[in-house]
Amino acid sequence: MNVSIVGTGYVGLVAAACFAEMGNQVTCIDVNPTIVEQLNQGRIHIFEPGLEPLVERNRQEGRLTFTTDLAQGMADALFVFNCVGTPPNGDGSCDLRYVDQVAEAIGQTMEDYKIIVNKSTVPVGTADRVRGIIQEQLDKRQCRIEFDVVSNPEFLKEGDAVNDFLKPDRVIVGTDNVRTAKLLETLYGPFARSRDKMIVMGIRSAEMTKYAANSMLATKISFINEIANLCEKVGADIKDVRVGIGSDRRIGYHFIYPGVGYGGSCFPKDVKALIHTAREHGMTPELALSVDRVNQHQKQVLAEKIKTHFSPTPLTDKVLAIWGLAFKANTDDIRESAALDTIETLTALGMRIRAFDPVAGDNARTALAENPLVEIGQDQYSILQNADALAVLTDWNQFRNPDFARIKKQLNNPLIFDGRNLYSATMLSGFGFTYHAIGRPPIINPTQQTKEI
Ligand SMILES: NC(=O)c1ccc[n+]([C@@H]2O[C@H](COP(=O)([O-])OP(=O)(O)OC[C@H]3O[C@@H](n4cnc5c(N)ncnc54)[C@H](O)[C@@H]3O)[C@@H](O)[C@H]2O)c1
Ligand SMILES: O=c1ccn([C@@H]2O[C@H](COP(=O)(O)OP(=O)(O)O[C@H]3O[C@H](CO)[C@@H](O)[C@H](O)[C@H]3O)[C@@H](O)[C@H]2O)c(=O)[nH]1
């Protein structure tokens, strides 16, 4: 089938490569000429495991092409997927400007029947809005061209996006048109070989499903973080409590890992957008408000532990080494990363930061360029040299079983703040570290000595 994808970011590029992989003819359209130029040369601008070879193979075999020209890019397509960004406005509402721009451009240039598929995360009612914008442009052109607008929210997660797209738990399609649903069923058929994955519903329900799913997952995380903080107060260990509750199949083990709060380009903005939608409809979304509030607090938890540990010594004399800048492992994405909140809080108090991330270093260097107290290093161990503590902010695998003897040798103090609960007393045994994690009893080394320098 012939598919156009508008917006070649984390969602658009993955969707494009996966549709092309199934034999479809896919054209990607992006307004950013640098991205398009790079993609045409076989270089991809984001880090996503498994994506580069998929893009490259399909590009070389002629099923995947890239352009900045929307009219040309969608000329032969039956499906036009809108995958542009929907960032938050200052008041938490969803900024639909890119979605609107795409709708306007489609209306200005389409020449025959298209199925416009909203894949971006958009508030309830956006399909109607898109339909209105396209129709307005067609009316201006005095054209009578049929089209459909459907909702098909995406549920992939960064770091595992290709796998999620190729093997989705479900494919949600919001439409009241049976023929359109059948056509999408054909397009998605190859991703649903083991069982029927397509769930067809009304457009507004599909739009709502996306916000409800993300808010549910965010709720689980805020819940476990609140329990973790309580564990610290009462001397319980969240590691045991998590296993204790997760073993109940009604609760499950997934998405109840405590940490430094959820980040990324989705949960924070989508919970806020849900809150905004509820308020627009005269409702106070008590639970979503709490989920958001708990998360904002949680993003400061590690900085608070560090402040408390060094108090009353001013942090201006201290250097903190940080492992991990991405909002989670296996991505270069730093949007809403707890590492950035932690850095902002601590550098405001004068602490100097030396940080390392396996792939997000360049993005962080750009984002933190104005902060003279931050240095981003190239090597996991050399940034530790003469730092006063190590803080772990992202759960990259390479941080899970590190060389503790080397860490101890490089640091001024044998001191670790672990925002991802990667280490245990057994792993640390014999090294004499003082260790603070989330929701776990701290390991205090009473003989902690500052290294002679
Ligand atoms: N990132 C995720 O894991 C994820 C998962 C599911 C859903 N979503 C949702 O999908 C949408 C896209 O997210 P993303 O992370 O892929 O965004 P992104 O910022 O990575 O990519 C968006 C792309 O759209 C392009 N663009 C903007 N305006 C355009 C226009 N008028 N014409 C053509 N291209 C245009 C940008 O240049 C950019 O390359 C959002 O609504 C997001 O909430 C994201
Ligand atoms: O038990 C957990 C699980 C996750 N997180 C954090 O939660 C955030 C989001 O993680 P994850 O959901 O794995 O990544 P995203 O790529 O943001 O994916 C979410 O957001 C996407 C965009 O809407 C959806 O498509 C996905 O289904 C949804 O999982 C990250 O900061 C994680 O560190 C935790 O703290 N504890």
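Below, the structure is looked at part by part. Every value quoted in this text rests on a predicted model; they were computed, and no experiment measured them. (Residues numbered from 1 in each chain as written. Chains lettered and ligands numbered in written order. Predicted model: local features only at pLDDT ≥ 70, side-chain atom pairs only at ≥ 80, totals over all residues. Heavy atoms only, no water.)

Before going further, it helps to spend a moment on the site of ligand 2. As a matter of local geometry, ligand 2 sits amid 19 residues, with Phe155, Leu156, Lys210, Cys266 and Arg420 nearest to it. Residue glutamate 154 places a main-chain N or O atom 3.5 Å away from an oxygen atom belonging to ligand 2. For ligand 2, an oxygen atom lies 2.9 Å from a polar atom in the backbone of tyrosine 257. When ligand 2 is considered free in solution it has 690 Å² of accessible area, and contact with the protein chains removes 90% of it. At the level of elements, helix H9 (203-234) and helix H11 (267-280) are the ones that each hand at least two residues to the shell around ligand 2. Examining the composition of the shell around ligand 2, we find that three residues originate from one element, H9, more than from any other. (Near = heavy atom within 4 Å. Polar contact = N/O pair within 3.5 Å; in protein donor to acceptor, adjacent residues only side chain to side chain. Areas by Shrake-Rupley, 256 points an atom, 1.4 Å probe, with all protein chains shown as cover. Helix = DSSP H or I, 4+ residues; strand = E, 2+ residues; numbered from the N terminus.)

Following the sequence through the fold, isoleucine 444 ends up in the segment after strand S14 (434-436). Under the relative-accessibility criterion, isoleucine 444 is labelled exposed at 53%. Excluding anything up to four places from it in sequence, isoleucine 444 contacts Thr434 and His436. (Buried < 20%, exposed > 50% of the residue type's maximum accessible area, 1.4 Å probe, protein only. Contact = heavy atoms within 4.5 Å.)

On to the site of ligand 1. In the neighbourhood of ligand 1, 28 residues make up the surrounding shell, with Val11, Asp30, Thr86, Glu158 and Lys269 lying closest. At 2.9 Å, a backbone N or O of threonine 121 approaches an oxygen atom of ligand 1. Lysine 269 has a polar side-chain atom sitting 2.7 Å from an oxygen atom of ligand 1. When ligand 1 is considered free in solution it has 840 Å² of accessible area, and contact with the protein chains removes 88% of it. With three residues, helix H5 (residues 97-109) is the largest single contributor of residues to the shell around ligand 1. When its residues are assigned to classes, the shell around ligand 1 shows twelve nonpolar, ten polar and six charged. (Nonpolar A, V, L, I, M, F, W, Y, C, P; charged D, E, K, R; others polar.)

Here we take up the environment of glycine 377. Here glycine 377 lies in the loop between strand S11 (374-376) and strand S12 (389-392). Residues contacting glycine 377, with those up to four places away along its chain left out, are Ala355, Phe356, Arg365 and Ile383.

Let us now look at the packing of H9 against helix H12 (residues 286-298). Axis separation between H9 and H12 bottoms out at 9 Å; the angle between their running directions is 55 degrees. When the interaxial angle is binned, H9 and H12 end up oblique. Regarding H9 and H12, the two cross each other, and that crossing is left-handed. Residue-level contacts link Ala218, Thr219, Ser222, Asn225, Glu226 and Asn229 of H9 to Leu287, Val291, Val294, Asn295, His297 and Gln298 of H12. (Axes fitted to C-alpha atoms, helices over the stretch in contact; angles between N-to-C directions. Parallel < 35°, antiparallel > 145°, perpendicular 65-115°, else oblique. Left-handed = near helix turned anticlockwise from the far one by under 90°.)

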